[in-house]
Amino acid sequence: MSRPHQNKPVDNMLDFVFDLPSTSLIMVTTEEDIQRMKTSLMKATLIGIDTETKPTFVPKAQLVGGPNLTALIQIAVRCPKSIEEVFVVDMIHISRNSRLLILLDYALQQGLLENQCFKLGQGLTNDLRELAKSYPTVKAFRLTSCVLETHDLIKYLKPVLTNPISLKNLVKEFLHLNLSKSQQMSNWAKRPLTSSQLHYAACDALVLLRLYDAIYCEIEDKLSAAGDSSAAESDSAISDTASETHNSGEDNESNRSVSPTASSTSTNATVKETLMTLSRTVDFIGQDFSHKASNNKGKGQKGLYGHKQDTAMRFPESSMLNNSLLRGWQSQSAKQWLKQQTSAAPGTSPSHTANNSAGPGKRSAEGSPREQTKRPRRNSFGSNSGAARDAVDEDEVRIPLPKGTGRHVVFSPPNV
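Residues numbered from 1 in each chain as written. Predicted model: local features only at pLDDT ≥ 70, side-chain atom pairs only at ≥ 80, totals over all residues. Heavy atoms only, no water.

A. Examining the nonpolar core more closely. Within the largest apolar cluster, 42 residues are counted, with the highest numbers of intra-cluster contacts made by Val86, Leu148, Phe174 and Leu275. Top contributing element to this core by residue count: helix H7 (residues 195-245), with 15 residues. Setting aside residues no more than four positions away along its own chain, Phe174 makes contact with Ile154, Leu157, Leu211, Ala214, Ile215 and Glu218. Counting residues in each nonpolar core, the second largest holds 35 residues, with Ile34, Met37, Ala107 and Val138 among its members. (Core = buried A, V, L, I, M, F, W, Y, C linked by side-chain atoms within 4.5 Å. Buried < 20%, exposed > 50% of the residue type's maximum accessible area, 1.4 Å probe, protein only. Helix = DSSP H or I, 4+ residues; strand = E, 2+ residues; numbered from the N terminus. Contact = heavy atoms within 4.5 Å.)

This is the structure we're talking about:
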């Protein structure tokens with residue numbers, strides 16, 4: 001018996017493909033490739049930037065040696081006369097040659113420091129930060145002007161939006177195309193790259209230029225709609241003024257015929273001004289991204305990628321801590337236990353200190369009827385916490401546990 005056919009929604013969107021000539025895709029690995037990219041960046045009117053890194057499946061703080069270095073930089077460049085090229089920079093190969101790395105640094109500065117050229121990216125600020133961490137000697141990654149984040153552009157069009165939208169969904173919404181993500185989790189550190197990886201990396205950068213055109217039209221429509229409403233209000237004001245001053249109808253018609261043209265001209269002029277206000281300058285000049293910062297293993301110091309080093313303090317070997325003190329530590333919070341231990345005078349137990357701290361005229365905690373009838377809480381050792389604290393001998397030396405220790409620290413009492 002055949003199962004009934006289930007109607008499932010089918011996505012009929014076409015895939016986004018690399019629609020430029022094959023000669024417009026350049027894999028940057030040599031000095032000649034860097035020089036060609038430098039020439040394009042100096043003439044660029046729009047730049048789209050994306051990066052690729054070998055994926056990791058554990059938190060960055062647990063990685064030995066820090067996260068993986070950025071493997072690729074994809075730079076889509078639009079020059080005058082709508083000439084477009086995509087450069088895929090092999091950072092792993094270039095970083096092994098100091099001369100190529102210096103030439104690349106100088107070439108990237110020609111485009112990234114240009115104040116009149118927008119650099120569009122999906123999370124570009126974070127990509128530049130990872131590049132500065134991966135290659136701290138490259139100065140071009142530390143300062144970039146006119147950075148446009150796709151989330152900022154969408155936020156301007158849709159102020160209600162709070163969460164960022166993925167690049168795949170942006171392409172689907174504005175270009176009505178499907179952006180493949182089949183190679184996103186592939187090994188980008190392995191060489192040579194496959195043809196699928198190269199096509200995927202090039203499309204991620206080229207699609208940013210297409211998104212810019214679509215979002216530019218949306219912003220232009222939004223500004224023109226606002227200009228039309230203001231023009232309608234000005235027309236009504238002009239007609240009211242004309243009726244009051246008894247002006248001729250020809251003058252009134254001429255004024256109304258000029259206003260739409262002036263509105264469209266002002267709209268085109270303000271689109272780039274709006275984009276300029278949405279852009280930002282990414283500056284990492286004052287931050288230390290050298291690998292020496294990651295080797296500071298002192299207490300409380302942060303490593304290269306911002307996570308703290310191992311600051312867990314161990315028990316000193318000379319600490320003669322008995323089981324009752326350990327039970328008192330585990331049965332109460334660390335802050336309360338340390339307060340009682342530091343405030344207790346020599347020869348007095350923590351329970352006596354707590355009773356005396358109630359002050360004159362106040363009923364102590366143990367003297368209240370509620371505390372007398374309350375069932376004592378049992379700790380992990382199976383004994384009552386109150387009895388464990390009272391079992392401490394008065395002659396024993398009380399040593400407060402160091403800060404930073406907790407229940408996750410395994411304690412092995414010394415052999416007496």
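B. Seen up close, the pairing of strand S6 (residues 143-149). Most of S6 is tucked away, with six of its seven residues classed as buried. Sheet topology places strand S5 (residues 118-121) next to S6; three bridges connect them, and they run parallel. Each residue of the ladder has a partner; that of Gly121, found in S6, is Glu149. Note on the crossover from S5 through helix H4 (residues 124-134) to S6: the handedness is right-handed. Where S6 lies against strand S7 (residues 280-283), three bridges are found, and the strand directions are antiparallel. Paired with Thr144 across the two strands is Val282, which belongs to S7. (Pairing = 2+ DSSP bridges. Right-handed = clockwise from strand over helix to strand, strands pointing away.)

C. Geometry of unusual backbone geometry. Here the amide bond leading from Arg191 into Pro192 is cis, since omega sits at 0°, within 30 degrees of zero. Structurally, Pro192 is set in the loop between helix H6 (167-174) and H7. The backbone phi angle of Ser82 is positive, close to 60°, even though this residue is not glycine. Tracing the sequence through the fold places Ser82 in the loop between strand S3 (70-79) and strand S4 (83-90). On the accessibility criterion, Ser82 (61% relative accessible area) is exposed. In this structure, His176 takes a positive phi of about 55° despite not being glycine. Summarising the element assignment, His176 is placed in the loop between H6 and H7. Since its relative accessible area comes to 52%, His176 is described here as exposed.

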